[in-house]
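In case you want the letters, here they are:
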Amino acid sequence: MNLNKGLVALAVTGALASPIAANAAATLVTYGGKSGIQTGPQASTGTFDNGVVYGIRYSTGSGTSLVVTGASDHVTIDKIYVKDDNDGKKENLVVDYDAGENNTPAGTDFPGSVRTDVSIAYTADVTVPNEGTFTIQFSGAAGGLDPATAPNLVFVAQVADPGTTGTYVAGDFVTIGSVIDYNLNAERNVVDSITVQVDTNRPELAGLHFVLADNSEVSTHGVVPSTPGWIAGEDYSKDPFQQADAIPAHTQIFLASPGVNDGEYNPVKVSAEEGSQVGDFIRAEVTEVKNTSGIVLNALANNEQVAVAEIVDGFALNVIDQATTTINVEADRLSFIHDDAADEVGVNNLTSTALLQLQNKADYGVELSPTDTLSMDFARKDGESIKGVKSITLGGTGLSKASGSDDFDLASTALNTLGLYTGSYNYNVTPFVIEVDGKNFLEQNKENPSDWVASGVELKTSAGDFDVPVVYAETGTYVDGNSVAENGATHVWPVNGAQFKIPYIYSINTTTGYGSTVKIVNEFAQEGDVFVDAVVAPAGLGQGVLKDEQPRTIKNVLLGTVPGEGHFTQTGDQIAELLELDMAMNWHIELTYLVNAPQNKVHAAAQNKDPVGRADTPVLYKTNNTGGTIKLSCTDATTGGVSPDTCEGTLVGGDKRQWQ
């Protein structure tokens, strides 16, 4: 422990505990600096009025003095600041809750956001005894208090009415307690506990009235002085304060750091621990309050770990529309088909366009300038062919092909040139376009679902260089059946093709003489992958009455590749193995095929055999037959009422079946 010995031996005047109600309650909150939420004490120049609105509280009431509904409103810190550099040192990030002081030059808000000063405040609905001691624990994997400033923290209250003292004016803050002990966790480089002793043995406090507030959504305390309804004993302490008195019930007490000048106070500083992870918190709790007789005053402990700070995924390059652009086999795989309104393929069907946007959502984030630069690498995950790629641009800036590889590079380019950031917190949606030449064969995504992946994204700012994650962030109509919910993936190129169904083949393994064969012929010049969705059931299931062996569907299994202008043949047993079925059992299998080749260039046949013969099994092709018209024939069999009263429709010129 680290005692401030000079503050321990306070005069005993007024040392006995004030009465504590059996149903008393205390609250500790972190709040301030968001829209509608008022700030806590902050340093000012040349005046004791710290620019703080009276009656800081959470409320759903009306009027400019009231803040929005909410509980403790902690500060979020971007994870990029606490990345462990593995140098064996705990180089924590010190975050000043006097927000603008984190910037050079100092401003009014945190880096990368418009959030302003944030305070830690305490209230109790009973009086707080003079010389009582508060133990406040700061726990959590994200860190604790800043070791350089924690030993000097104080309790302050706000003056509502200075009475006749002549020393203060309404709005000033006054010290009512100081840290007398703290615990330094040297290994983590944080202070994880402080003990604050209340001290009202100060002659300058005599005659003051303090602002009251409950840190509550339903507070009856804390409106602005002199406004209608300003009530002594409810919104400010009724009686003039007497030296060495207990602090009046409902007085809002801030944990603050003394400023350079007497009477000026700043919010606290926290130490965000290097190596902490997204979702880690710093939390505060008043764990124990004692009077000078050593009696524990349970009613003054807040009995809740209140969030003070949290590590978050704050800065990222979001993929808000992933370009799931389908290669059109009916156009000889030279272009795309516009099968998704959210993915622009251009008037010539030669572009695959994703939409990217910078995200900067942490309270303590990255302060950007339009001239800061971004660079990145871009490549296909499995090395599929890029021969047909004509150009790749981000916001109009071209990526260059890396020498000796199929990767592309975006050289360090200013954010405003890319269009990603143009100042004043304008994070613009930016097109990321791959244009193909329409002459060379386009290869579809093969194995890894991510396909085209952006990686190694680096942001260079005046505050330092940062690695930027590329985050999948599609929502709403941007999501489609080909979307791949994996970070880094910006473009995915599936392919359309020939589709057909084989309703029934089998794999019989407990006896001989039974089997199935499927043959596929590809007349197209390019090879085509063969995928299936299968509905499988153990042979003999019949109507599906076996409760422990219901039919099930297995999706998107690659069976192999049919060569260009070639044949592809498989047995039922081979297909069952590729479906990873139990080969000790007998199986009935229904198959829906997708072959990555034009519909009219792919043909299939299937046979089933048993010990006495063989038979062809149907192959149903997807025709997308939506032609034909309905011819109505109407009669009027009754008199009165609606006429005609009976109509029958007959389909003419098409049967509407998609599989034939």
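The following refers to the structure shown. Please read all numbers here as calculations on a predicted model, not as lab measurements. (Residues numbered from 1 in each chain as written. Predicted model: local features only at pLDDT ≥ 70, side-chain atom pairs only at ≥ 80, totals over all residues. Heavy atoms only, no water.)

### Remarks on the overall build of the chain
Worth spelling out the cut-off: Put simply, DSSP H or I for four residues or longer makes a helix, DSSP E for two residues or longer makes a strand, and each gets a number counted from the N terminus. Classification of residues uses two cut-offs on accessible area relative to the type maximum, computed with a 1.4 Å probe and protein chains only: under 20% is buried, over 50% is exposed, and between them is partly exposed. Note on definitions: a residue-residue contact is assigned when non-hydrogen atoms from the two residues lie within 4.5 Å.
Scanning the chain for helices and strands turns up three helices and 41 strands. The buried share of the chain, reckoned over its 660 residues, is 51%. For the chain, restricting intrachain contacts to residue pairs at least 6 apart in sequence, the fraction spanning at least 24 positions comes to 75%.

### Some words on the environment of Val602
Considering the arrangement of structural elements, one finds Val602 in strand E37 (residues 602–610). Assessed through its relative accessible area of 1%, Val602 is described here as buried. Considered as a pair, Val602 and Phe524 are 78 residues apart in the sequence and their alpha carbons are 7.6 Å apart. Not counting residues within four places of it along the chain, the set of residues in contact with Val602 comprises Ala498, Phe500, Ile520, Val521, Asn522, Val595, Ala597 and Tyr621.

### Section: the sheet that holds strand E16 (residues 315–321)
Pairing between sheet strands relies on hydrogen bonds along the backbone, with the strands arranged either parallel or antiparallel. The criterion, for reference: Two strands are said to pair when DSSP picks up at least two bridges between them.
Strand order in the open sheet formed by six strands is E23-E22-E26-E20-E16-E29, with mixed pairing between adjacent strands. Because the sheet does not close on itself, it has two edges, and the strands there are strand E23 (397–398) and strand E29 (470–472). Bridging between strand E20 (residues 351–360) and strand E26 (residues 430–436) involves six bridges; their strand directions are antiparallel. Within E26, the residue paired with Ala354 across the bridge is Phe432.

### Considering the side chain of Asp117
Here is the rule: Residues counted as positive are Lys and Arg, residues counted as negative are Asp and Glu, and His and the chain ends are not counted. For salt bridges, the criterion is a side-chain nitrogen of Lys or Arg within 4 Å of an Asp or Glu carboxyl oxygen. N or O atoms closer than or at 3.5 Å make up a polar contact, with two conditions inside protein: a donor-capable atom paired with an acceptor-capable one, and, for residues adjacent in sequence, both atoms drawn from side chains.
Here Asp117 shows up in the loop between strand E3 (93–96) and strand E4 (119–124). Of the side chains with opposite charge, Arg115 comes closest to the buried, unpaired Asp117, at an N-O distance of 9.2 Å. Here Ala99 takes part through its backbone nitrogen, which lies 2.9 Å from a polar atom of the side chain of Asp117.

### Thoughts on the pattern of salt bridges
Scanning the model with the defined rule gives 15 salt bridges in all. The salt bridge partner of Glu435 is Lys390, with a shortest N-O separation of 3.9 Å. Here Lys390 lies in strand E22 (residues 389–394) and Glu435 lies in strand E26, a separation of 45 residues in the sequence. A salt bridge links Asp406 to Lys401; its shortest N-O distance comes to 3.8 Å. Taken together, the shared-partner salt bridges connect Lys90, Arg188 and Glu273 into one network.

### Points about the packing of aromatic side chains
This is how the line gets drawn: Working definition: rings of Phe, Tyr and Trp (its six-membered ring) pair if their centres are within 6.5 Å, and the pair is stacked with planes under 30 degrees apart, edge-to-face with planes over 60 apart, and tilted otherwise. Consider the ring centre and the ring normal. A charge sits over the ring if Lys NZ or Arg CZ is within 6 Å of that centre and within 35 degrees of that normal.
In this structure the tally under the stated criterion is 18 aromatic pairs. Measuring from ring centre to ring centre gives 5.4 Å for Phe134 and Phe155, while their planes differ by 80 degrees; the resulting arrangement is edge-to-face. With a gap of 21 residues between them, Phe134 in strand E5 (residues 133–139) and Phe155 in strand E7 (residues 154–161) connect regions that are remote in the sequence. A relative accessible area of 1% places Phe134 in the buried class. Centre to centre, the rings of Phe378 and Phe432 are 4.7 Å apart; their planes meet at 50 degrees, and the pair counts as tilted. With Phe378 in strand E21 (residues 373–380) and Phe432 in strand E26, this residue pair connects regions lying 54 residues apart in the sequence. Accessibility classification places Phe378 together with Phe432 in one group, the buried group. Among the aromatic residues, those joined into a cluster by ring pairs are Phe336, Phe378, Phe408, Phe432, Trp452 and Trp493. Arg283 extends its terminal NZ or CZ atom over the ring of Phe281, reaching a point 4.0 Å from the ring centre.

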